[in-house]
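Coordinate analysis (summary)
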Amino acid sequence: MNAAELLATVPALAGAEPVTRVTIPARLDYTYSPGSAQTRFLKALTEQRLLGERCPSCTRVYIPARGVCPTCGIVTNEQIELPHIGTVTTFCIVNIAAKGLDVEVPYCYAYVLLDGAHVGLHARIGGIPHDQVHVGQRVEPVWREPAARSDQPSLAAISHFRPTGDPDADPESYRRWM
Amino acid sequence: MTSIQGAEAGAEAGQGSRRDVAVVAFAQTVHRRSTDRLSEVELVLPVLQDVLKQTGLTTDRIGFTCSGSSDYLAGRAFSFTMALDGVGAWPPISESHVEMDGAWALYEAWVKLRTGQADTALVYSYGKSSPGSVRDVLTRQLDPYTLAPLWPDAIALAALQTQAAIDAGLTDERALAATAVRSRRAAEANPHAQLRGSADVGELLEQPYEVRPLRRHDCPPVSDGAVAVILAVGDTARALHPRPAWIRGIDHRIEAHQPGVRDLTDSPSTRLAAARAGAFDAPVDTAELHAPFSVQELILRRALGLSDATEVNPSGGALAANPVMAAGLIRIGEAAARIHRGESRRALAHATSGPCLQQNLVAVLEGEQS
C-alpha cells in the first residue's frame, strides 16, 4: 500500500497530499583530539620530519603512530625518525573526483613503505606519467612550502611523493609488508 | 553450511555441564571532565592492560572481545575500530561491538560464554563526552521526525520526568538533593569518581535551577572515561580469581521509544528485567544503579522493591561520574568488585540507555556458595 492509498483509508484524510519528504537540518560540532602519539607525528610533519613508533614486542615500526601496536595491543613509546625515501607497494589511478578534495583527476593514490617502516603510508604519487608508476618504485616526499601549509599540523604538509630515479627496490625488502 | 555446523557445535557445547559465567576482573579510568590530550585508544588502553594484568591473561587467550561506544560522541563513523588497536587484533580475533553502553556488550559476551562459543571474554566500553556537547548529542537518539527537531536535551527530558514524580507525590526537591549528597559523599571513597563530596542539602537548595525542577546537583557530571571487565566460565573463572563474581541472572528490556506514551514515574522494564534475572528470588545486600539523574534512583528503587537493608551506589553512582557508554558497565564492575573484595554476597547491578530510563538491564551477581 503506498502513501496515497493509505491516506484514502482514513476518511478525514481522503484526497490529502501525502507527505513524502521532510527536511530537518541538524548540526553538531566536535573538537577532535588526535591524542599524544598522533600529536607527535603531526608536529614532526610541520618540521619536515617523518616520525614513526616501534613496538617493543614485535618490533614493527608504524607510521602514522597511534601510540599502540595494533597487532600486539601494547604501547609503542619508542619514536623512530624515518628517512625521506620509500617504495611503492601498491597503487591505483583515481578517475572520480572526491567531494571536498582539491585534487585534479586523474591522480595516483598509493601505499608508500618508507625505509624502516612496516606499514604503508597513504600518499599520492606525482611528477611522473601515471602509466609509469609501478610497484617497487623508489619515491621521496615533496614537501609543501611552509607558507603554503595551513596553520594547523596536517598530512597536507606532504604534497605528494615523486620518483627518485633510483633502481627499483628488491621485492624481498617489501614483500612481507604489502 | 558452515554456519549451520557452527550453530550446532555451539548448541552441543551448551547442552553439556552448566556453564556458569563470572566477572573475574574490573578496571576503570579516573573519570574527568576532559581528556583532550588522549585519543580514544589512549584512553582505553590502560584499563585493558589493567584487567589483563589482574588475571595474568594475554590477548591471545581471550576467546571473545566485545565493546560498547557511540560514534555520535566521537563525531566520527566507525570510531570503535580505532580503539581495536588496543586489543591486539592479530591473528584476527572473534570480536563484536554494540553502539550502546558496555553493559549490553557484556550481555552479548555472556551469551557467547553460556552457549559454549568461548571460555573467556574481554568486555570494554568508553565514552569521551568532551569533544562535543553531550546534551545536544543525546537528542539524536530521539524520533528524528517528530521529536529530535525540537532538540529536547537530556536535562530537559529528565526535568519532565522529575516534575512528573514530584506531581505524583513520590518525592520532592529536598529528597532529591539528599540523594545527590549521599551519592557524592559515598564517592569520597572512590578514587575514580569525578565529583567527590558535596555541600549539605540546605546549601544545594539555595542554588538556581538548571532546568526546573532540576538543579545542577540533580544532574550527572559530563565525563570522559573507560571501563573493562573480563568474564570467564566455571573452573577457568576459579583459576583466574579466588572469589569470582558469578552472574546468576541477567536480562534487559526496552519500553516504547516515544517518551509521551510512557509513565515516566515508573520503570516496568527494570522490574521485568529484574524478575527475569532472578533479582526477587532473594534479597541483595548491594545495588549499583545507573541513575544519571537524582529522581531516577528513586524510580529504580521502587521498581526493584529495594529496602533500606540494601546499600545503594556505594561507588557514588552516575551522579559522581557519568562517562556515557561506560557508566552502565561500571555499575556491573563495581558490584562485582564488592564481591571480589568480600564486601557483598549478593549484589544487583543495573544499566540504562535512552531517555528517561527507556531501556534497562539488570544483572544479579553472587560470590561463591560456601
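All values derive from a computational prediction rather than experimental measurement.

1. Overview of empty space enclosed by the protein
Residues and elements named next belong to chain B. Inspection of every chain in the model, using the stated rule, returns two cavities of 30 Å³ or more. A volume near 50 Å³ is recorded for the largest cavity. The dominant element in the lining of the largest cavity, judged by the number of residues it contributes, is helix α13 (residues 327-340), at three residues. Split into classes, the residues belonging to the lining of the largest cavity amount to three nonpolar, five polar and two charged. When its volume is computed, the second largest cavity comes out at roughly 40 Å³. Taken together, Thr59, Ile62, Thr65, Val87, Ile93 and Leu122 form the lining of the second largest cavity. A per-class count over the lining of the second largest cavity returns four nonpolar, two polar and no charged.

2. Some details on the sheet that holds strand β8 (residues 245-254) of chain B
Residues and elements named next belong to chain B. As summarised here, the arrangement of the 10 strands in space is β3-β2-β4-β7-β1-β8-β12-β11-β9-β10, forming an open sheet in which the pairing is mixed. On the outer flanks of this sheet lie β3 (95-98) and β10 (311-312), each paired with one strand and no other. Relative to β8, strand β1 (residues 21-28) is paired through two bridges, and the arrangement is antiparallel. Residue pairing in the sheet places Ala22 in a bridge with Trp246 of β8. Each of β8, β11 (346-353) and β12 (359-366) touches helix α11 (residues 268-276); the most contacted strand, β8, lies at about 145° to it.

3. Some words on the domain arrangement of chain A
Residue and element names in this part refer to chain A. As far as domains go, chain A holds domain 1 (33-82) and domain 2 (84-178). Here the C-alpha centroids of domain 1 and domain 2 sit 19 Å apart. Between domain 1 and domain 2, the contact holds 15 residues from the first and 18 residues from the second. Overall, the association of domain 1 and domain 2 removes approximately 1,400 Å² of surface from exposure, summing both partners, and the carbon and sulfur fraction of that is 70%.

4. What to know about unusual backbone geometry
Most peptide bonds take the trans configuration, and most residues that are not glycine carry a negative phi. Residue Pro106(A) follows Val105(A) across a cis peptide bond; omega there is -10°. With respect to the helices and strands, the residue Pro106(A) is situated in the loop between β4 (86-94) and β5 (107-114). Looking along the chain, the bond that leaves Arg212(B) and enters Pro213(B) is cis, with omega of 10°. Within the secondary structure, Pro213(B) is located in the loop between β5 (209-211) and β6 (214-215). Unlike most non-glycine residues, Trp151(B) shows phi in positive territory, near 50°. Note that Trp151(B) resides in the loop between α6 (134-137) and α7 (154-167).

Rules used in this analysis
- Residues numbered from 1 in each chain as written.
- Chains lettered and ligands numbered in written order.
- Predicted model: local features only at pLDDT ≥ 70, side-chain atom pairs only at ≥ 80, totals over all residues.
- Heavy atoms only, no water.
- 1 Å grid on protein atoms, 1.4 Å probe; cavity = no way out; pocket = protein on both sides within 12 Å on 5 of 7 lines; lining within 4 Å.
- Points joined across faces, edges and corners; volume = space filled by probe spheres on them.
- Helix = DSSP H or I, 4+ residues; strand = E, 2+ residues; numbered from the N terminus.
- Nonpolar A, V, L, I, M, F, W, Y, C, P; charged D, E, K, R; others polar.
- Pairing = 2+ DSSP bridges.
- Contact = heavy atoms within 4.5 Å.
- Axes fitted to C-alpha atoms, helices over the stretch in contact; angles between N-to-C directions.
- Domains from an automatic or database assignment.
- Buried area = accessible area lost by both parts, 1.4 Å probe.

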